[in-house]
Every structure is written in C-alpha cells, then in structure tokens.
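The chain contents come next:
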Amino acid sequence: MLEEVEGWLSSRSWSAADRPLGQLLEAKRQTGRTVSVVLPALDEEATVGAIVSVIRAELMTETVPLVDELVVLDSGSTDRTAEVAAAAGARVVHRDSILPRLPALPGKGEVLWRSLLATTGDIVCFIDADLRAFSSVFVSGIIGPLLTDPDLQFVKAMYDRPLETGTEGAGAGQGGRVTELVARPLLNLHWPQLAGFVQPLGGEYAARRSLLERLPFPVGYGVELGLLVDALHTVGLDALAQVDVGVRKHRHQDGQALGRMAAAIYRTAQLRLTRGHLVRPRLTQFDRGEQGFVPRTTEVDTEERPPMAEIPEYAARRAA
C-alpha cells in the first residue's frame, strides 16, 4: 500500500460514533447546508418502506432536522414500491418524469444521475433501497464529515457485509464478491490511491452537489466505481473519506447477475484507463437447458450520462 494511502487511512477513515448527532445538527445550523437523501428503487416493496420510516422518524423531526429532503427514485418498478414508499412518507419520483426529452436508459446510475434534477440539497446522500435491519446511522454517519469538514467532498460508507446462511461462504468477512474479485484488483493495480476504500462498490455514499454535478455517471452497475475514480481525479484523495457504519444486510445477487455487474465494472474501468471503446461490449453466460448448456448474451452497459452541470435544464434551475 502506498505511504500516501496509509496516511489517508489514519486521517480520513472514521467511525460514525466519532461525530455525535448533536455535533452534526450544530454544524448544519452554522453552515446552513441542506441535505437530500435519495433511494434508487426497482421492485423493493419489501424493504423501502422501513428505510423511509426510519429516516423520517429519526432524522426528519423538529428536534432532529438533519435531513431536509427524502426522495425515492423509482426506476420502473412493477410491484408496490412507489405506493409503499409514499405511504411511509417519501416523495416518490419516477425516473421517466425527470428530463423527459431524454428517454431513460435502464440502470442504477441512470436514476442517480437524474436524481440531481429531482433534489435540491447541497449534500446528496445515496442509500440502496434493499437494505434490511436499516439504521439511520447509514445516513448520519456519511453526511457527518461533509457537514463538519469543508475540505471533504465525497464520503463512502464502510461496513461488514456478511453473506446469508445457506450461501457459499456464509458469514465470512465482508461479502462483496464482485468487490473482491474485480473492483479491488482493478483499483489496486490502476488507481492505488483508492486502495484504502473498504467498500468501493457500496451503494451508500454522500457527496457535495457541487462535485456530483461535474461528474459523468455510468448508467449501470459501473456507477459506483466510476464516481469514485472520477472524484479522485477531480478533487484529490484528501477530499475523499469513509465512515464505518456497522453491518450491512441486503438481498444478494445470483452468480449470473454478479457476472453482469463485473463486466460493467470492468468496462467502466477500461473506459477511464483508455477513454476508448470496448471492441465487443457484450457478455456471454450459460444456462443449463434440457439439451445441455445454452449460451445467453447480454449487452454490457456502454452508456454514460454527461456531467449534470452541462444539462440546460439543470443550469436553468440553478440560475433561477
């Protein structure tokens, strides 16, 4: 590990308990910064309501007004995600209603990018909508450094991520199979300054709007790696940080879904290394059928949205 990264780990890695809630509220009062929380959601009726309820009950009250805006960005759900989220107290926005002149592309990064037009907070906090046993410290922990330290721009959550009982490797350490097999080797080899991030692909992170609006957003699974790498190049390592928020429990993907994630992440990394194009942006996987193994080929995400600051509608809203 680089000496620079060792120093970063000691000065830019914290526990959520290092910044008590009272300290955060005072910092927010003094700075006047506003906070938006965004939950990107696709068919998450089983979990999204509980997450919204916890945030509203613990971080959006008269005595604890830490979060100003809570938005569930519906990515085309076919279940009751929108209804459940609204009943729990979130403002629900469908991705197709934002920037309708640009047809929406499938993918998590797409809704995160569009969320910048659907929110107003100076600090934007992203939380995955499939978390179970959710704690509000996932929000307060990662927005805390941005409220208390003006030099910080981008903060990721770190946590234990145990696999469920019955899953191969259950209970072992961090989980995060795509992280360990794809993202961490890529970062260590090509962006060693980022080697200190415990959960580089984690979906819980917060950043200043002034940074996010300058970054391109990969539309699919590569969004977390892309934002992290681009944030490093835009503001430098000392402006990045991570906070330990405990344990993250969520629904785990099957092996083929992980393969598609890995391909998208590799493509995102390759694009940032060469700023070129994949020769063949497709991934072939195999299913067992009645006559043996059947190949199934899917497209690898190759689209990226430009920095939001370049979108006329966003610029007009900011100027208003």
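Please refer to the structure higher up on the page.
Cut-off values and rules
- Residues numbered from 1 in each chain as written.
- Predicted model: local features only at pLDDT ≥ 70, side-chain atom pairs only at ≥ 80, totals over all residues.
- Heavy atoms only, no water.
- Helix = DSSP H or I, 4+ residues; strand = E, 2+ residues; numbered from the N terminus.
- Buried < 20%, exposed > 50% of the residue type's maximum accessible area, 1.4 Å probe, protein only.
- Core = buried A, V, L, I, M, F, W, Y, C linked by side-chain atoms within 4.5 Å.
- Contact = heavy atoms within 4.5 Å.
- Phe/Tyr/Trp six-rings, centres within 6.5 Å; stacked < 30°, edge-to-face > 60°.
- Pairing = 2+ DSSP bridges.
- Right-handed = clockwise from strand over helix to strand, strands pointing away.
- Axes fitted to C-alpha atoms, helices over the stretch in contact; angles between N-to-C directions.
- Parallel < 35°, antiparallel > 145°, perpendicular 65-115°, else oblique.
- Left-handed = near helix turned anticlockwise from the far one by under 90°.
- Nonpolar A, V, L, I, M, F, W, Y, C, P; charged D, E, K, R; others polar.

Engineer: Mind showing me how you'd approach the environment of Glu 6 here?
Structural biologist: One can find Glu 6 in helix α1 (residues 3-11). Classification of Glu 6 as partly exposed rests on a relative accessible area of 47%. In this structure, the C-alpha to C-alpha distance between Glu 6 and Glu 110, residues 104 residues apart in sequence, is 34 Å.

Engineer: Where do I start with the nonpolar core in this structure?
Structural biologist: Nonpolar side chains tend to gather and get buried jointly when the protein is soluble and globular. Core analysis: the biggest nonpolar cluster contains 48 residues, and Leu 73, Phe 154, Val 178, Leu 194, Phe 217, Leu 225 and Leu 240 have the highest contact counts within it. Elements that contribute at least two residues to this core include exactly β3 (69-74), α5 (108-118), β5 (123-126), α7 (177-190), β8 (205-208), α8 (209-212), α9 (223-235) and α10 (255-274). No other element matches α9, which puts 7 residues into this core. Setting aside residues no more than four positions away along its own chain, Leu 240 makes contact with Trp 8, Arg 12, Leu 152, Phe 154, Leu 194, Phe 197, Leu 228, Ala 231, Leu 232 and Val 235. Core analysis: the next-biggest nonpolar cluster, separate from the first, contains 44 residues, Val 54, Leu 59, Ile 123 and Leu 131 among them.

Engineer: Would you explain the packing of aromatic side chains in this entry?
Structural biologist: Aromatic ring pairs are reported here in terms of the distance separating the ring centres and the angle at which the planes meet. Taken as a whole, this structure holds 5 aromatic pairs when the rule is applied. Both rings, one in Phe 126 and one in Tyr 205, keep their centres 5.4 Å apart while their planes meet at 70 degrees; by these two values the pair is edge-to-face. In this pair, Phe 126 is assigned in strand β5 and Tyr 205 in strand β8, connecting sequence segments 79 residues apart. Relative accessible area serves as the criterion here: at 1%, Phe 126 is assigned to the buried category. Given a relative accessible area of 1%, Tyr 205 falls into the buried group.

Engineer: I'm lost on the pairing of β5 in this one. Help?
Structural biologist: In summary, the side chains of a regular strand alternate between the two faces of the sheet. By the alternation rule, side chains of β5 split into Ile 123 and Cys 125 and Val 124 and Phe 126, which are all buried. Pairing between strand β2 (residues 35-41) and β5: 4 bridges, direction parallel. Among the inter-strand pairings, Val 38 is bridged to a residue of β5, identified as Phe 126. Note that β5 and β8 share 4 bridges and pair antiparallel. Along β8, the bridge assignment pairs Phe 126 with Tyr 205.

Engineer: Would you explain the pairing of strand β4 (residues 91-94) in this entry?
Structural biologist: In this structure, β3 lies alongside β4, joined through 4 bridges in parallel fashion. The partner of Asp 74 across the bridge, within β4, is His 94. Note that the unit made of β3, helix α4 (residues 81-88) and β4 has a crossover that is right-handed.

Engineer: Can you walk me through the packing of helix α3 (residues 48-59) against α4 in this structure?
Structural biologist: Angle between the axes and distance between the axes are the two parameters that describe a pair of packed helices. At a minimum axis separation of 8 Å, α3 and α4 run at an interaxial angle of 20 degrees. The angle between α3 and α4 places the two elements in the roughly parallel class. When you trace α3 past α4, the crossing you get is right-handed. Across the interface between the two elements, Val 48, Gly 49, Val 52, Ser 53 and Arg 56 of α3 pack against Thr 81, Val 84, Ala 85 and Ala 88 of α4. Broken down by class, the residue content of the contact of α3 with α4 amounts to 5 nonpolar, 3 polar and 1 charged.

Engineer: Just to check I follow, could you spell out the sheet that holds β2 for this structure?
Structural biologist: Strand pairing in a sheet relies on backbone hydrogen bonds, with the paired strands running either antiparallel or parallel. Taken in spatial order, the 8 strands make up an open sheet running β1-β10-β7-β8-β5-β2-β3-β4, and their pairing is mixed. Each edge of the open sheet carries a strand with a single partner, namely β1 (13-15) and β4. The mean inter-strand angle of the sheet, taken between neighbouring strand axes irrespective of direction, is 25 degrees. Where α9 meets the sheet, its contacts fall on β7 (154-160), β8 and β10 (240-247), and the angle it forms with β7 comes to roughly 135 degrees.

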